[in-house]
Amino acid sequence: MSELKDKIKEIRNREGLSQDEMGRRVGYTNRASVNKIENGNGDVPFDRLMDIINEYLLEIDDLTNKEIVDFSLRDLTLEDWKELIVVYKDAMSIPFFNSDNCHGDIFYYSTEAKMKNAIKFWQDSMKNGYFIRKVIVDNSNNRAVGTIEYFVRNSEPNYNDTIVLRVDVHHYYEKKKALIKIFRIAIKEAFESCECSTLITKGWEYAIERRDALKYLGFKEQGEPLIGHSNEQYNNYWLFYKK
């Protein structure tokens, strides 16, 4: 199978672009960057890879020639902003972020300062015991591709003493196969950390791949809304029982 450098050259030739033209389209400042990649002398940063995929309407497997193999979780650090900003500034990912009960924050962080401030807020909130947030890592390239957040909800009338799980990933990982693997490790992490027997997560009507993943894992769609701080009603929650 072709290597990544060959795939990029193939796309450039197909589009009739010079190395300089392709470089400018995906954010490089000169032709030398694309030239190095095509000659096997340069790596493609994750954000550039996403730009190429988005520009030419590709799937991630079209460039990597491999399946998403496995995922893991690790502790969040401020340095993660460099990779997480790729996720949280992506307009196609935002509709899949669960911002229910978050005081209007939709988790759109488009600059270094905004992403760092979000991470600092998450870290402070963890110190105060409000929730746990961890980084999702694609083990095939050791890149941060999103985060999970979980906490125990202690509020009536619905979902009392239940774990609330949020899963934010770049939209290229918003696929059933990848989501099943991510949710599996997230569920395991949450139940090991919290003494609860139930867990809920969001599955919007338009989130077809996510809903299919939740069904596969044994989640059940619920009719009762989650009631927010000011009695707002949030729907589309799915319930999972600890096995």
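Because the structure is predicted, anything quoted here is derived from the model rather than measured.

**Considerations on the sheet that holds strand β2 (residues 132-138)**
Logical step 1: The seven strands lie next to each other as β1-β2-β3-β4-β5-β9-β6, forming an open sheet whose pairing is mixed. One side of each edge strand has no neighbouring strand; the edge strands of this open sheet are β1 (71-75) and β6 (220-221).
Logical step 2: Sheet analysis places strand β3 (residues 143-153) next to strand β4 (residues 162-169), joined by eight bridges and oriented antiparallel. Counted as the bridge partner of Y150 is L165 from β4.
Logical step 3: Helix-sheet contacts for helix α8 (residues 176-193) involve β1, β2, β3, β4, β5 (198-202) and β9 (237-241), and the interaxial angle to β4 is about 145°.

**A look at the pattern of salt bridges**
Logical step 1: Tallied over the full model, the rule gives 16 salt bridges.
Logical step 2: Linking D6 and K5 is a salt bridge whose minimum nitrogen-to-oxygen distance equals 3.4 Å.
Logical step 3: As a salt-bridge pair, E38 and R12 come within 2.6 Å of each other at their nearest N and O atoms. Here E38, found in helix α3 (residues 31-38), pairs with R12, found in helix α1 (residues 4-15); they are 26 residues apart in sequence, far enough to count as distant. Here the two residues E38 and R12 agree in accessibility, since each one is buried.
Logical step 4: Beyond isolated ion pairs, a larger network of salt bridges with shared partners links R133, E149, R166 and D168.

**Comments concerning the pairing of β5**
Logical step 1: Across the five residues that make up β5, a large majority, five, are buried.
Logical step 2: The side-chain alternation of β5 yields two buried faces, one formed by T198, I200 and K202 and the other by L199 and T201.
Logical step 3: Of the strand pairs in this sheet, β4 and β5 are connected by three bridges, and their pairing is parallel. Of the residues in β5, the one forming a bridge with V164 is I200.
Logical step 4: Where β5 meets β9, five bridges bridge the pair, whose relative direction is antiparallel.

**Examining α1**
Logical step 1: Look at α1: 17 Å from first C-alpha to last across twelve residues, which is about the 16 Å you get at 1.5 Å a residue.
Logical step 2: Buried within α1 we find K7, I8, I11 and R12. The arc that holds the buried residues of α1, viewed along the axis, is 135°, so those residues lie on one side.
Logical step 3: One or two positions beyond α1, positive phi appears at G16, with a value near 70°.

**Section: the nonpolar core**
Logical step 1: Counting residues in each nonpolar core, the largest one holds 63 residues, and the members touching the most others are Y88, M115, W122 and L165.
Logical step 2: Looking at which element gives the most residues to this core, the answer is α8, with nine residues.
Logical step 3: The next biggest cluster of nonpolar side chains, apart from the first, holds seven residues, and it includes Y159, V164, L226 and L239.

**A closer look at unusual backbone geometry**
Logical step 1: Its identity as a non-glycine residue notwithstanding, Y159 has a phi of 65°, on the positive side.
Logical step 2: With respect to the secondary-structure elements, Y159 resides in the loop between β3 and β4.
Logical step 3: Residue classification places Y159 among the buried residues on the basis of a relative accessible area of 10%.
Logical step 4: Positive phi, close to 70°, is recorded for N231, a residue that is not glycine.
Logical step 5: For N231, a relative accessible area of 63% corresponds to the exposed category.

Cut-off values and rules
Residues numbered from 1 in each chain as written. Predicted model: local features only at pLDDT ≥ 70, side-chain atom pairs only at ≥ 80, totals over all residues. Heavy atoms only, no water. Pairing = 2+ DSSP bridges. Helix = DSSP H or I, 4+ residues; strand = E, 2+ residues; numbered from the N terminus. Contact = heavy atoms within 4.5 Å. Axes fitted to C-alpha atoms, helices over the stretch in contact; angles between N-to-C directions. Salt bridge = Lys/Arg side-chain N within 4 Å of Asp/Glu carboxyl O. Buried < 20%, exposed > 50% of the residue type's maximum accessible area, 1.4 Å probe, protein only. Expected span 1.5 Å × (residues − 1). Arc of directions from axis to C-beta. Core = buried A, V, L, I, M, F, W, Y, C linked by side-chain atoms within 4.5 Å.

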